[in-house]
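These are the residues of each chain, in order.
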Amino acid sequence: MVIGTGYVGLVQGACLASQGHQVTCVDIDEAKVQSLRAAKVPFFEEGLEALVGEGIASGNLQFALGAEEGFSQLTPEVIFLAVGTPTGADGSADLLIFESAVKSLIPHLAPDMVLVEKSTVPAGTGKKVKAWLGRNDIAVASNPEFLREGTAVSDFLQPDRIVIGTDDDATAETLKNVYAWSDAPILAMNRESAELAKYAANTMLAARLSLMNEIANIADLIGANISEIETAVGADPRIGSKFLRTGAGFGGSCFPKDVLALEQTGRELGYDSRLIRPIIEVNTRQAEVFVDKVRAAYGDLTGVKLAVWGLAFNAKTDDTRESPAMRIIGLLLDAGAVISVHDPAAMDEARKGLGDGVVYGKDQWEILDGAQGLLVLTEWDQFLQADFGRVMSTLEQPLVFDGKHALPAEALRGLGLKVIGIGI
Ligand code: UDX
């Protein structure tokens, strides 16, 4: 059973069903459950809707409104908790939704069921779960997710590693069986280590990006090229070449939230971290650095018409949470620019944040008419591989701002476009 049908829970449920498990996904949102029963996924994640359809057709995947209905469909051996843990006022993970999900299960739990933290929850939450349950015959384990939005289905089905956090051998065996279809290494550890490992991985990745972005800012001042520096740094096997791409900052529902929550966990334990918060501060400033570049190209942005390709924080998702694109558009609007936008999947999500402040283009080309520059802020293939000859002939000024450092800059320059980014 999986509690919560968001980006994490639904991937978990649909992927496990595809591997032959009997899965019921429970949610308390009636509209969502109805939509899922009709095999319609209410958000976009590449490959997920097809997998949900297959799961329903095979009879392995069912949906239930609330825990009671869920337990009437299935007596689970394992229950994955995959509800939201948003950032609270002090930066910590807000566990209210998580706690209420745990408590909704209490009347239905039977001895030997295993309750698994799949949501990202601070180290030590497992102990709280035990206290909420008020009984000792239900095992509580941690099994963090390492899914990138946009590639979550393939990340799940071909994992780098599977982390299982429990002190109890029988519980570890039960969870290993859930993943028996995978040949990924199983890393068994105690629950606190598993809980903390998730934060450690995300904070490490976010730190890498912020550090590289700072180096890109310095590269700009000295006339160095960050792409070349990235190649030189990544060639050191101790560092590795992945996840070094700079730009206008990182986004998404995980990095900013998890980095702040790790700092807060330390603080609650009496530890004052010096390194963690600047990861977020650098990232927030990076959007401003990017907007300064745009401003510098025009002098004054009042009335300047700009087209934006990309609103989601990653390609192949519709998620705009903490998306640099949304932050950049807000700053450009404040500076008086006139913005038109297009994203293949995230227009509805973006509208919730941007309202009527921008023009929404039906396709990526119509917003170029009359635009004095183009900003590429999400690395969708249809943007990176666009016909830039057409971009050149449509834009009023040949300026392309690359917020992801993902465009073939040389080729664009060959067409007469000026490519502007940070550190390039
Ligand atoms: C992240 C982790 O990667 C995943 O393992 C975890 O469990 C959930 O959080 P997610 O936030 O969905 O996944 O996406 P990810 O692909 O990691 O990208 C996060 C942000 O970093 C995006 O804005 C992306 O554009 C940015 N990024 C990524 C860079 O700026 N440079 C890079 O080299 C890679």
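Since we're looking at a predicted model, the values are computed, not measured.

**A few points about the packing of aromatic side chains**
Here the structure, examined in full by the defined rule, presents 12 aromatic pairs. Both rings, one in Phe250 and one in Phe255, keep their centres 5.5 Å apart while their planes meet at 85°; by these two values the pair is edge-to-face. A single burial state applies to Phe250 and to Phe255, both of which are buried. Directly above the ring of Phe146 sits Arg161, whose terminal nitrogen or CZ lies 3.7 Å from the centroid. The aromatic ring of Tyr360 is capped on one face by Arg351, whose charged end is 4.1 Å from the ring centroid.

**Concerning the sheet that holds strand β10 (residues 338–342)**
Taken in spatial order, the 6 strands of this open sheet run β11-β10-β9-β12-β13-β14, and their pairing is parallel. Each edge of the open sheet is held by one strand with a lone partner, namely β11 (359–360) and β14 (418–420). Bridge count between β10 and β11: 2 bridges; the pairing is parallel. Looking at the pairing, Val341 lines up with Tyr360 of β11. Contacts from helix α12 (residues 276–298) reach β9 (305–309), β12 (374–376), β13 (399–402) and β14, with the element oriented near 170° to β13.

**Re the pattern of salt bridges**
Throughout the structure, instances matching the rule amount to 27 salt bridges. With a closest N to O distance of 2.8 Å, Arg277 and Glu263 form a salt bridge. Linking Arg277 in helix α12 with Glu263 in helix α11 (residues 255–268), this pair joins segments that are 14 residues apart in sequence. Since its relative accessible area comes to 7%, Glu263 is described here as buried. A salt bridge links Lys362 to Glu366; the nearest nitrogen and oxygen atoms lie 3.9 Å apart. Beyond isolated ion pairs, a larger network of salt bridges with shared partners links Lys127, Arg191 and Glu192.

**A short note on the nonpolar core**
One finds Leu306, Leu332 and Leu375 to be the most contacted residues of the largest nonpolar core, which totals 38 residues. When contributions to this core are tallied by element, the ones reaching two or more residues are α9 (191–222), α12, β9, α13 (324–334), β10, α14 (347–354) and β13. Setting aside its immediate chain neighbours within four residues, Leu375 contacts Phe290, Val294, Leu306, Ala307, Val308, Trp309, Ile328, Leu332 and Phe401. Counting 36 residues, the second-largest nonpolar core is a separate cluster that includes Ala14, Val52, Phe80 and Ala141.

**Quick notes on the site of the ligand**
Lining the immediate surroundings of the ligand are 19 residues, of which Glu149, Arg245, Gly251, Asn314 and Lys404 lie closest. Within the side chain of Asn314, a nitrogen or oxygen atom sits 3.0 Å from an oxygen atom of the ligand. Relative to its unbound accessible area of 660 Å², the ligand is 94% covered by the protein chains. Of all the elements, α9 adds the most residues to the shell around the ligand, at 3 residues. The residue inventory of the shell around the ligand, partitioned by class, reads 9 nonpolar, 3 polar and 7 charged. Counting contributing residues, the shell around the ligand receives three or more from each of domain 1 (2–189) and domain 2 (279–420).

**Some details on the pairing of β10**
For β10, the tally of buried residues reaches 4 of 5 residues, placing the bulk of the element in the interior. Two strands pair when backbone bridges link them, and β9 and β10 are joined in this way by 5 bridges, in the parallel orientation. In the strand pairing of β10, Trp309 is matched with His342. Crossover β9 to β10 through α13 is right-handed. This β-α-β element, β10 to α14 to β11, shows right-handed connectivity.

**What to know about the domain arrangement of the chain**
Split into domains, the chain comes out as domain 1 (2–189) and domain 2 (279–420). Each of domain 1 and domain 2 has a C-alpha centre, and these two points are 36 Å apart. Contacts between the two partners involve 7 residues from domain 1, matched on the other side by 10 residues from domain 2. Between domain 1 and domain 2 lies a buried interface of about 670 Å² when both sides are counted; carbon and sulfur atoms form 45% of it. Three residues stand out in domain 1 for area buried against domain 2, namely Tyr7, Phe44 and Glu149, and they jointly supply 69% of the buried area on that side. For the pair domain 1 and domain 2, the number of links is 2 salt bridges. Between Arg321 and Glu149 there is a salt bridge whose closest N-O contact spans 3.7 Å. Counting across the domain 1 and domain 2 interface gives 5 residue pairs in polar contact (both at pLDDT 80 or more). Its residues placed into classes, the side of domain 1 that touches domain 2 shows 3 nonpolar, 1 polar and 3 charged.

**Looking at the packing of helix α1 (residues 9–18) against helix α3 (residues 48–58)**
α3 packs onto α1 with a crossing angle of 50° between their chain directions and a minimal axis gap of 9 Å. With respect to α3, the element α1 is oriented oblique. Pair α1 / α3 crosses with left-handed handedness. Note on element contacts: α3 touches α1 through Leu48, Leu51 and Val52, opposite Leu10, Val11, Ala14, Cys15 and Ser18. Here the residues of the contact of α1 with α3 sort into 7 nonpolar, 1 polar and no charged.

**Some thoughts on the environment of Leu16**
Along the polypeptide, Leu16 turns up in helix α1. Taking C-alpha positions, Leu16 is 8.9 Å from Leu61, a pair spaced 45 residues apart along the chain.

**Regarding α12**
For α12, with 23 residues, the first-to-last C-alpha span of 35 Å sits near the 33 Å given by 1.5 Å per residue. Within the sequence span of α12, burial applies to Ile276, Ile279, Ile280, Val282, Asn283, Gln286, Ala287, Val289, Phe290, Val291, Val294 and Tyr298. Where the residues of α12 are buried, they touch α9, α11, β9, α13, β12 and β13. Gly299, located one to two residues past α12, shows a positive phi value of around 85°.

Reading the values: the criteria
By convention here, each chain's residues receive numbers from 1 onward along its written sequence. Whole-chain, interface and lining totals are the exception, using all residues; otherwise, since this is a predicted model, local features are given only for residues with pLDDT of at least 70 and side-chain atom pairs are given and counted only at 80 or more. Only hydrogens and water are removed before side-chain values are computed, so all heavy atoms of the structure are retained for them. A pair of aromatic rings is counted whenever rings of Phe, Tyr or Trp (Trp by its six-membered ring) have centres within 6.5 Å, and the orientation is called stacked for planes under 30 degrees apart, edge-to-face for over 60 and tilted otherwise. Burial here depends on accessible area, computed with a 1.4 Å probe over protein chains only, as a share of the maximum for the residue type. Under 20% is buried, over 50% is exposed, and the range in between is partly exposed. As a reminder, the over-ring test applies to NZ of lysine and CZ of arginine, requiring each to be within 6 Å of the ring centre and within 35 degrees of the ring normal. Criterion used throughout: strands pair if DSSP finds at least two bridges between them. Strands are runs of DSSP state E lasting at least two residues, helices are runs of H or I lasting at least four, and both sets are numbered from the N terminus onward. Note on definitions: a residue-residue contact is assigned when non-hydrogen atoms from the two residues lie within 4.5 Å. To obtain each axis, a line is fitted to C-alpha atoms, and for helices this fit is confined to the stretch in contact; angles are then taken between N-to-C directions over 0 to 180 degrees. The working definition used for a salt bridge is a side-chain nitrogen of Lys or Arg within 4 Å of a carboxyl oxygen of Asp or Glu. By nonpolar core we mean a set of buried residues, namely Ala, Val, Leu, Ile, Met, Phe, Trp, Tyr and Cys, connected to one another through side-chain atoms within 4.5 Å. If even one non-hydrogen atom of a residue comes within 4 Å of a molecule or strand, that residue is called near it. The definition of a polar contact used here is a pair of N or O atoms within 3.5 Å, where within protein one atom must be able to donate a hydrogen and the other to accept one, and adjacent residues in sequence count solely through side-chain atom pairs. A 1.4 Å probe and the Shrake-Rupley method give the accessible areas. Residues count as covered only by the protein chains that appear here. Each residue is assigned to one of three groups, with Ala, Val, Leu, Ile, Met, Phe, Trp, Tyr, Cys and Pro labelled nonpolar, Asp, Glu, Lys and Arg labelled charged, and all others, Gly among them, labelled polar. Domain limits in this description derive from either an automatic procedure or a database domain assignment. Handedness of a crossover is defined as follows: with both strands directed away from the viewer, a clockwise route from the first strand across the helix to the second makes it right-handed. Buried area adds together the accessible area that both of two parts lose upon being put together, with accessible area traced by a 1.4 Å probe. Here is the rule for angles: anything less than 35 degrees is roughly parallel, anything more than 145 is roughly antiparallel, 65 through 115 is roughly perpendicular, and the remaining ranges are oblique. Handedness of a crossing follows from how the near helix is turned relative to the far one, being left-handed for an anticlockwise turn of less than a right angle and right-handed for a clockwise one. To estimate the expected span of a helix, subtract one from its residue number and multiply by 1.5 Å.

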